[in-house]
Amino acid sequence: MTRREPLQHGFTLIELSVTLVLLGLLATATALRLQGVGRLVEIEDAIERIGAMDQHARQLARASGRGGQLVYDLGRNAIRHVDAQSQADLSKPLILPEWLRLDAIRLDAERDIVSGQIAIAISAEGTSWAEALPGAGGGRHFRGFRGGYAVRVKHDGLDGGYVWLVVAGIGGQVTVVQSDDQVQRLFEMLNAPTRDDAA
């Protein structure tokens, strides 16, 4: 009778190495995917805060019977809610992170303001109108609009690189859209003649 050698159990060094490399690749892919999801959540949160700041300004104006202004500062990447007369802050300024930029303000269907400060005046009734402050938009001075305004927010976390927040109507309804064409169509609808215009 021949003696048999016991069978060896276990993995070779190569099998263990391949397994560890595959686990490392899976862990890296998962981490990258979760990082993208985290950035998406941060973008959505910042966009909600911009809309909430407009809503808060309108509610405060109606409750206090005093108007105010939302000042979009494109250079400082910040939004301030200030008293219309004293320019004192009425709430904490919203300063956006570097990777999320206030890129432009659209006051009508024809032009964007891409630099300076733009004041959105909020009346005591909670309605709004806009004014580009001196030096904004290449020195042009825009005053008044009928339907609303739009804020282009640039980011590096989503396809397309930007979204528009369109603030419209008496109550300041906020709509998020992905393209310039959608903003254009919304402005055309907002500025369409009404029966009151015909009278």
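The paragraphs below set out a description of the structure included in this document.

What counts and what doesn't
Here the residue numbering is sequential within each chain, running from 1 through the sequence in written order. The predicted nature of this model means local features are confined to residues of pLDDT at least 70 and side-chain atom pairs, given and counted, to a pLDDT of 80 or more, with totals for whole chains, interfaces and linings taken over all residues. Hydrogens and waters are ignored; side-chain quantities use all the structure's heavy atoms. Numbering of helices and strands runs from the N terminus; a helix is a DSSP stretch of H or I covering at least four residues, while a strand is a stretch of E covering at least two. For the exposure calls, accessible area comes from a 1.4 Å probe over protein chains only, and a residue counts as buried if that area is under 20% of its type's maximum, exposed if over 50%, partly exposed in between. Distance and chemistry together define a polar contact, namely a pair of N or O atoms within 3.5 Å, with one atom able to donate a hydrogen and the other to accept it when in protein, and with adjacent residues in sequence counting only for side-chain atoms on both sides. Throughout, a contact is declared for two residues whenever any of their heavy atoms are within 4.5 Å. Strands qualify as paired when DSSP identifies two bridges or more between them.

1. With respect to the side chain of aspartate 73
Structurally, the position occupied by aspartate 73 is in strand E1 (residues 68-73). For aspartate 73, a relative accessible area of 11% corresponds to the buried category. A polar side-chain atom of aspartate 73 sits 3.1 Å from the main-chain amide nitrogen of glycine 75. Side-chain polar atoms of aspartate 73 contact the backbone nitrogen of arginine 76, separated by 3.1 Å. With residues near it in sequence (within four places) discarded, aspartate 73 still touches Ala78, Leu102, Gly116 and Gln117.

2. Structural notes on the pairing of strand E6 (residues 117-122)
Burial runs high along E6: five of the six residues are buried. Two strands pair when backbone bridges link them, and E1 and E6 are joined in this way by six bridges, in the antiparallel orientation. In the strand pairing of E6, leucine 70 is matched with isoleucine 120.

3. Some remarks on the sheet that holds strand E4 (residues 100-106)
Taken in spatial order, the five strands make up an open sheet running E5-E4-E8-E9-E10, and their pairing is antiparallel. Looking along the sheet, the strands with just one partner apiece sit at the ends: strand E5 (112-113) and strand E10 (173-177). Across seven bridges, the pairing between strand E8 (residues 148-155) and strand E9 (residues 162-168) is antiparallel. Across the sheet, arginine 152 pairs through a bridge with tryptophan 164, a residue of E9.

Any functional reading would require information that these geometric values do not contain.
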